Amino acid sequence: MTQPSYDVVAIGNAIVDILSPATDDFVADNGMTKGAMALVFSPEEADALYAKMGPGQEVSGGSAANTIAGMAALGSTCAFIGQVADDQLGDVFAHDIRAAGIRFDTAARAGSPTTGRCLIFVTPDGQRTMNTFLGASHYLPAEALDRDLIAGAKYLYLEGYLWDPEEPRAAMREAIDVARAAGRKVAFTLSAEFVIDRHRAAFHQLIDAGLIDVLFANEAEIVSLTEAADTESAIAAVKDKVPLLVVTMSEQGACAIAGDERVTVPAAPVEKVVDTTGAGDLFAAGFLHGQAQGWGLERSLRLGAVCAAEVISHFGARPLADLKTLAADL
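Since this is a predicted model, take the numbers as computed values, not measurements.

## Re the overall build of the protein
Phase 1: In terms of helices and strands, the protein carries 12 helices and 14 strands.
Phase 2: By the compact-globule yardstick of 20 Å for 330 residues, the protein fits well, its C-alpha radius of gyration being 18 Å.
Phase 3: A principal-axis box enclosing the C-alpha atoms of the protein has dimensions of 50 × 45 × 40 Å.
Phase 4: Sorting the 330 residues of the protein into buried and exposed places 56% on the buried side.
Phase 5: In the protein, once contacts between residues fewer than 6 apart in sequence are set aside, the share between residues at least 24 apart is 75%.

So this is what it looks like as structure tokens:
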């Protein structure tokens, strides 16, 4: 096996987040479920909701893209594969991710639909209610894969959100084959309960076939995957099927299980929760960065907790503080 050129190459939705403060009444009056993520299925619907937003800020997002942005900020070498359209938001996404030091070579897609966007309404308690129009991101073809790039990374990191559409799902399956053939590790994040509800059997097939080396989930997701009665029962059902299981538990911290080793760390303190967008993404960034550097489970978990605490202390799902400085204290 050759020496890897990158710590991680991620495949995920290429989305631009548009964040705006909102009241609880606004969220309820517009038929949203506070704190949840809902899909918007047409550009017209997305435009109508966008027109109701107050002043906001645009920043490149997408779950896997947020994770590798955090990893790059920590010093990992990263690349991203994701589909944008040949439009203004596509240019925003490409500029932002490259400016973060991440290799991004996927060619923009001509024509409709437009680049994906996520309209995020942040209530005073820091909860984010997301409305996602996936647009061009759901048209990532297998032809867009750089197989040498995937084979040359320590980790292939995959986003469960992108498992929904057929074309990128086929691309990710092929990417798994490339990574496994090269002797690399595959990390997978379950992303959301609604994704699991639609693809539970397929996710179990990946796990049972031994194709997932690192599985990320929060409590609700691991329970949904296993249809168990509680978190501990769900963990028990999965932990022996993957080499490394990582479960986040909000303010209760997170745990990692690898064989007979189980480590739990508390959540890192944060003065004020401003916006929970990207908390799980940045936790994964810290943990996976630690693993890529050869750290143990506890230190990797603590870095994940610190990165999650940093991102929920401000608007947006990308880090603002110097994560390398925060990591240096661990």
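## Overview of unusual backbone geometry
The phi torsion of most residues other than glycine is negative, and most of the peptide bonds are trans.
Phase 1: For the bond running from S112 to P113, omega is 0°, close enough to zero to count as cis.
Phase 2: Of note, P113 is situated in the loop between β6 (103-104) and β7 (116-122).
Phase 3: For S191, which is not glycine, the phi torsion reads 80° and is therefore positive.
Phase 4: For S191, the position within the fold is in the loop between β10 (185-189) and α7 (193-208).
Phase 5: Judged by relative accessible area, S191 falls into the buried class, the value being 11%.
Phase 6: Here E227, not a glycine, exhibits a phi torsion of approximately 55°, which is positive.
Phase 7: Among the secondary structure elements, E227 is positioned in the loop between α8 (219-226) and α9 (231-238).
Phase 8: Overall, the relative accessible area of 60% leaves E227 in the exposed class.

## A look at the sheet that holds strand β9 (residues 153-159)
Phase 1: Taken in spatial order, the 9 strands of this open sheet run β6-β5-β1-β9-β10-β11-β12-β13-β14, and their pairing is mixed. A single partner strand is all that each edge strand has here, and the edge strands are β6 and β14 (261-265).
Phase 2: As paired strands, strand β12 (residues 244-248) and strand β13 (residues 254-258) are joined by 4 bridges and run antiparallel to one another. Each residue of the ladder has a partner; that of L245, found in β13, is I257.
Phase 3: Docked against the sheet, helix α10 (residues 279-292) engages β1 (6-11), β9, β10, β11 (214-218), β12 and β13, running at close to 160° with respect to β9.

## Let's talk about helix α6 (residues 166-181)
Phase 1: End to end, α6 covers 23 Å across 16 residues, agreeing with the expected 22 Å (1.5 Å per residue, within 8%).
Phase 2: Buried residues of α6: P168, A171, M172, A175, I176, V178 and A179, and no others. Projected down its long axis, α6 shows its buried positions confined to an angular sector of 165°, all on one face. Set apart from the buried face of α6 by more than 90 degrees, the exposed residues are E166 and A181.
Phase 3: Of the surrounding elements, those touching the buried residues of α6 are β1, α5 (147-151), β9, β10 and α7.
Phase 4: The first or second residue beyond α6 is G183, which carries a positive phi of 80°.

## Here we look at the packing of α10 against helix α11 (residues 297-311)
Phase 1: Where α10 meets α11, the closest approach of the two axes is 7 Å, and the angle between their N-to-C directions is 150°. For the element pair α10 / α11, the angle class is roughly antiparallel. For the pair α10 and α11, the crossing hand works out as right-handed. Together, A279, L282, F283, G286, F287, H289, G290 and Q291 of α10 and L297, S300, L301, L303, G304, A305, C307, A308 and V311 of α11 make up the contact between the two elements.
Phase 2: When its residues are assigned to classes, the contact of α10 with α11 shows 11 nonpolar, 6 polar and no charged.

## Considering the pattern of salt bridges
Phase 1: Counted according to the given criterion, the structure contains 15 salt bridges.
Phase 2: The salt bridge partner of E227 is R200, with a shortest N-O separation of 3.9 Å. Linking E227 in the loop between α8 and α9 with R200 in helix α7, this pair joins segments that are 27 residues apart in sequence.
Phase 3: Overall, R200 belongs to the buried group, its relative accessible area being 17%.
Phase 4: One salt bridge connects R302 with E298, and the closest N-O pair in it is separated by 4.0 Å. One end of the pair is R302 and the other is E298, both in helix α11 and 4 residues apart, which spans about a single turn.

## Structural notes on the environment of R147
Phase 1: Inspection of the secondary structure puts R147 in helix α5.
Phase 2: The contact partners of R147, leaving out residues within four places of it in the chain, are A142, E174 and V178.
Phase 3: At 3.1 Å, the side chain of R147 and the backbone oxygen of A142 are in polar contact.

## Observations regarding the sheet that holds strand β8 (residues 128-133)
The pairing of strands in a sheet comes from backbone hydrogen bonds and takes either a parallel or an antiparallel form.
Phase 1: Across the sheet, which stays open at both edges, the 5 strands sit in the order β3-β8-β7-β2-β4 with mixed pairing between neighbours. Unpaired on one side and paired on the other, β3 (37-39) and β4 (57-61) mark the two borders of the sheet. Direction aside, the axes of adjacent strands within the sheet are offset by 25° on average.
Phase 2: Bridging between strand β2 (residues 15-21) and β7 involves 7 bridges; their strand directions are parallel. In the strand pairing of β7, P21 is matched with V122.

Conventions we followed
Residues numbered from 1 in each chain as written. Predicted model: local features only at pLDDT ≥ 70, side-chain atom pairs only at ≥ 80, totals over all residues. Heavy atoms only, no water. Helix = DSSP H or I, 4+ residues; strand = E, 2+ residues; numbered from the N terminus. Rg over C-alpha atoms; globule rule 2.2 N^0.38 Å. Buried < 20%, exposed > 50% of the residue type's maximum accessible area, 1.4 Å probe, protein only. Contact = heavy atoms within 4.5 Å. Pairing = 2+ DSSP bridges. Axes fitted to C-alpha atoms, helices over the stretch in contact; angles between N-to-C directions. Expected span 1.5 Å × (residues − 1). Arc of directions from axis to C-beta. Parallel < 35°, antiparallel > 145°, perpendicular 65-115°, else oblique. Left-handed = near helix turned anticlockwise from the far one by under 90°. Nonpolar A, V, L, I, M, F, W, Y, C, P; charged D, E, K, R; others polar. Salt bridge = Lys/Arg side-chain N within 4 Å of Asp/Glu carboxyl O. Polar contact = N/O pair within 3.5 Å; in protein donor to acceptor, adjacent residues only side chain to side chain.

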